[in-house]
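Coordinate analysis (summary)
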Amino acid sequence: MKWKEQITGMKAYQPGKSIDAVKKEFGLDEIVKLASNENPFGSSPKVREFLANESFNFALYPDGYATNLRAAVATKLGVEENELIFGNGSDELISIITRALLYPGVNTVMAKPTFSQYGLNAKIEGAEIREVPLVDGNHDLDAMLEAIDDNTAVVWVCSPNNPTGVVVEDAPLQAFLKKVPSDVLVVLDEAYFEYVTNARHKDTIPYIQDYPNVIILRTFSKAYGLAAFRVGYGIANKELIAKLDPVRGPFNNTVLSQAIAQVALEDDAYIEKCRDENNKGKKQIEEFCEKNNLHFFTTDTNFILMEVKVDSDVVFQELMKRGFIIRSGNALGTPGYIRVTIGTQAQNEGFLTQLEVVLQEQGVFS
Ligand SMILES: Cc1ncc(COP(=O)(O)O)c(C=O)c1O
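One structure accompanies this document, and this report is about it. The model shown is predicted, which means the values in this text are computed figures rather than measured ones.

**A closer look at the overall build of the protein chain**
- Scanning the protein chain from N- to C-terminus turns up 13 helices and 12 strands.
- Over its C-alpha atoms the protein chain spans a radius of gyration of 21 Å, differing by no more than 12% from the 21 Å that the globule rule assigns to 366 residues.
- Projected onto its principal axes, the C-alpha coordinates of the protein chain cover approximately 60 × 55 × 50 Å.
- Taking all 366 residues of the protein chain together, 51% fall into the buried category.
- Looking at the protein chain alone, contacts between residues at least 24 apart form 72% of all its contacts between residues at least 6 apart.
- Across the protein chain, the mean location of the 36 positive side-chain charges is 4 Å away from that of the 50 negative side-chain charges.

**Quick word on the pattern of salt bridges**
- For the structure shown, the criterion picks out 16 salt bridges.
- One salt bridge connects K33 with E38, and the closest N-O pair in it is separated by 3.0 Å.
- The partly exposed category is assigned to E38, whose relative accessible area is 31%.
- Its salt-bridge partner being R218, residue D203 comes within 3.3 Å of it at the nearest N-O pair. Of this pair, D203 sits in the loop between β6 (185-189) and α8 (207-210) while R218 sits in strand β7 (residues 214-219), and the two are 15 residues apart along the sequence.
- Residue D203 is classed as partly exposed on the basis of its relative accessible area, which comes to 43%.
- If you follow the salt bridges from partner to partner, you end up with E318, K321, R322 and E361 in one network.

**Some words on the sheet that holds β7**
- Taking strand neighbours across the sheet as the criterion, the 7 strands line up as β2-β8-β7-β6-β5-β3-β4 in an open arrangement whose pairing is mixed. Sheet topology places β2 (84-87) and β4 (128-133) at the edges, where each strand pairs with a single neighbour. The sheet shows a mean angle of 20 degrees between the axes of neighbouring strands, taken without regard to direction.
- Sheet topology note: the β2/strand β8 (residues 232-235) ladder contains 4 bridges and is antiparallel.

**Details of the site of the ligand**
- Residues in close proximity to the ligand total 13 residues, the closest being S90, D189, Y192, T219 and S221.
- Take D189: an N or O atom from its side chain is 2.6 Å from a nitrogen atom of the ligand.
- Y192 places a side-chain nitrogen or oxygen 2.7 Å from an oxygen atom of the ligand.
- Across the complex, the protein chains shield 92% of the 390 Å² of accessible surface that the ligand would expose by itself.
- With 3 residues, helix α4 (residues 89-101) is the largest single contributor of residues to the shell around the ligand.
- In the shell around the ligand, the residues fall into 4 nonpolar, 5 polar and 4 charged.

**Concerning the environment of V340**
- By secondary structure assignment, the location of V340 is in strand β12 (residues 337-341).
- With 36 residues separating them in the primary sequence, V340 and I304 have C-alpha atoms 5.4 Å apart.

**Remarks on the pairing of strand β3 (residues 107-112)**
- Among the 6 residues that make up β3, 5 are buried, leaving the element largely enclosed by the rest of the structure.
- Examined bridge by bridge, β3 and β4 share 6 bridges and lie parallel to one another. Bridging from a neighbouring strand, T108 pairs with I129 of β4.
- Crossover connection from β3 via helix α5 (residues 116-125) to parallel β4: handedness right-handed.
- Both β3 and strand β5 (residues 152-158) contribute to a ladder of 3 bridges, which runs parallel. Residue pairing in the sheet places V109 in a bridge with V155 of β5.

**Quick notes on the nonpolar core**
- Ranked by size, the top nonpolar core spans 49 residues in total, and within it F176 and F220 carry the most contacts.
- If one sorts the elements of this core by residue count, helix α10 (residues 255-265) sits on top with 5 residues.
- Beyond its immediate stretch of four places on either side in the chain, F176 contacts L141, M144, L145, V155, V157 and V186.

**Things to note about the sheet that holds strand β11 (residues 327-328)**
- Strand order in the open sheet formed by 3 strands is β9-β12-β11, with antiparallel pairing between adjacent strands. Looking along the sheet, the strands with just one partner apiece sit at the ends: β9 (303-307) and β11.
- Two elements, β9 and β12, share 5 bridges in a ladder whose sense is antiparallel. Across the sheet, residue F303 finds its bridge partner in β12, namely T341.
- Across the sheet, helix α12 (residues 312-321) touches β11 and β12, and the angle it forms with β12 is around 40 degrees.

**Structural notes on the layout of surface pockets**
- Put simply, the second largest pocket is a space of about 410 Å³.
- Counting only elements with at least two residues in the lining of the second largest pocket, the list comes to β1 (32-33) and α2 (45-53).
- Classifying every residue of the lining of the second largest pocket gives 12 nonpolar, 6 polar and 3 charged.

**A closer look at empty space enclosed by the protein**
- The tally for this structure, following the rule as stated, stands at 1 cavity of 30 Å³ or more.
- One number sums up the size of the largest cavity: a volume of about 40 Å³.
- Residue composition of the lining of the largest cavity, grouped by class: 3 nonpolar, 4 polar and 3 charged.

Conventions we followed
Residues numbered from 1 in each chain as written. Predicted model: local features only at pLDDT ≥ 70, side-chain atom pairs only at ≥ 80, totals over all residues. Heavy atoms only, no water. Helix = DSSP H or I, 4+ residues; strand = E, 2+ residues; numbered from the N terminus. Rg over C-alpha atoms; globule rule 2.2 N^0.38 Å. Buried < 20%, exposed > 50% of the residue type's maximum accessible area, 1.4 Å probe, protein only. Contact = heavy atoms within 4.5 Å. Lys, Arg positive; Asp, Glu negative; His and termini not counted. Charge placed at Lys NZ, Arg CZ, Asp CG, Glu CD. Salt bridge = Lys/Arg side-chain N within 4 Å of Asp/Glu carboxyl O. Pairing = 2+ DSSP bridges. Axes fitted to C-alpha atoms, helices over the stretch in contact; angles between N-to-C directions. Near = heavy atom within 4 Å. Polar contact = N/O pair within 3.5 Å; in protein donor to acceptor, adjacent residues only side chain to side chain. Areas by Shrake-Rupley, 256 points an atom, 1.4 Å probe, with all protein chains shown as cover. Nonpolar A, V, L, I, M, F, W, Y, C, P; charged D, E, K, R; others polar. Right-handed = clockwise from strand over helix to strand, strands pointing away. Core = buried A, V, L, I, M, F, W, Y, C linked by side-chain atoms within 4.5 Å. 1 Å grid on protein atoms, 1.4 Å probe; cavity = no way out; pocket = protein on both sides within 12 Å on 5 of 7 lines; lining within 4 Å. Points joined across faces, edges and corners; volume = space filled by probe spheres on them.

And the structure:
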């Protein structure tokens, strides 16, 4: 068959072991998954209440325009309804953007390491990938500007960045946006936006007016606790949205996910509570790192990238045996580090207790 050359030899996404598989393998009753940056508190209680009281006609296709959710998000953000595009998670928006703009002969610029899906999708489309190393966990925006040339179609700015958790502050971001050529799309991936507390980060929504080549991506998968429902959205000027929209599948958000995302969107108090809890959890883990002289990156997300001073695959395996699933930095381009989702206070305590044992066993702590 006439496969695209670039997919030859590509491996399918390897999801981590399921909770059930880990329970079985290690004979454990309880597993704490701190690997995919989901909200450890789940979604707003209003979502469950809504689900218990509503019924849906599952025989009908969903509203392909996500009319009600669109109106709710537009009102909340103070944008026009035609300045939004909805995706089956922001993952789908990343693939819509790459399908629309990348092909052999053009290039795309991104940080290294950053969220893996930018590179993966670019590879499938056959575009050249230009990776610009982070500096202290930060995007090197000057070097990214230098990497842009006449054939650059898309630049990815992951803010806060996955896996470092470091947010791009407003002043350097604005200086960068001013210099990016207007025919290059800048994708500002803000999957963790609701967790950001850095005072030097500003709301980026006004930039869609100032920079017609910017699209902001946000999601219901993280702070809203709705990863299972797969709803992400893009915010950009209406011409840009109109160009991307034909690339989107016609019914890409289900009836249930549209309805539930709208309910979750209205519960601001819940998001605030989760942000506060996340800050407490962040402090717990940071204090452990400081006490034990382990480097960590200052995070504006619900995960933290921390040093372990030993092979991170070993720490990953040893923690899994003890019921904690985290991500090894070896898989994320940050060897010697692990990426851990910030859990509930109890989950964090459990994780830190086990980590201390593992690092003692590995000779990191004497
Ligand atoms: C930076 C970043 N962008 C996008 C996504 C995708 O999120 P979703 O497709 O669930 O909206 C993730 C998920 O981990 C992420 O970390």
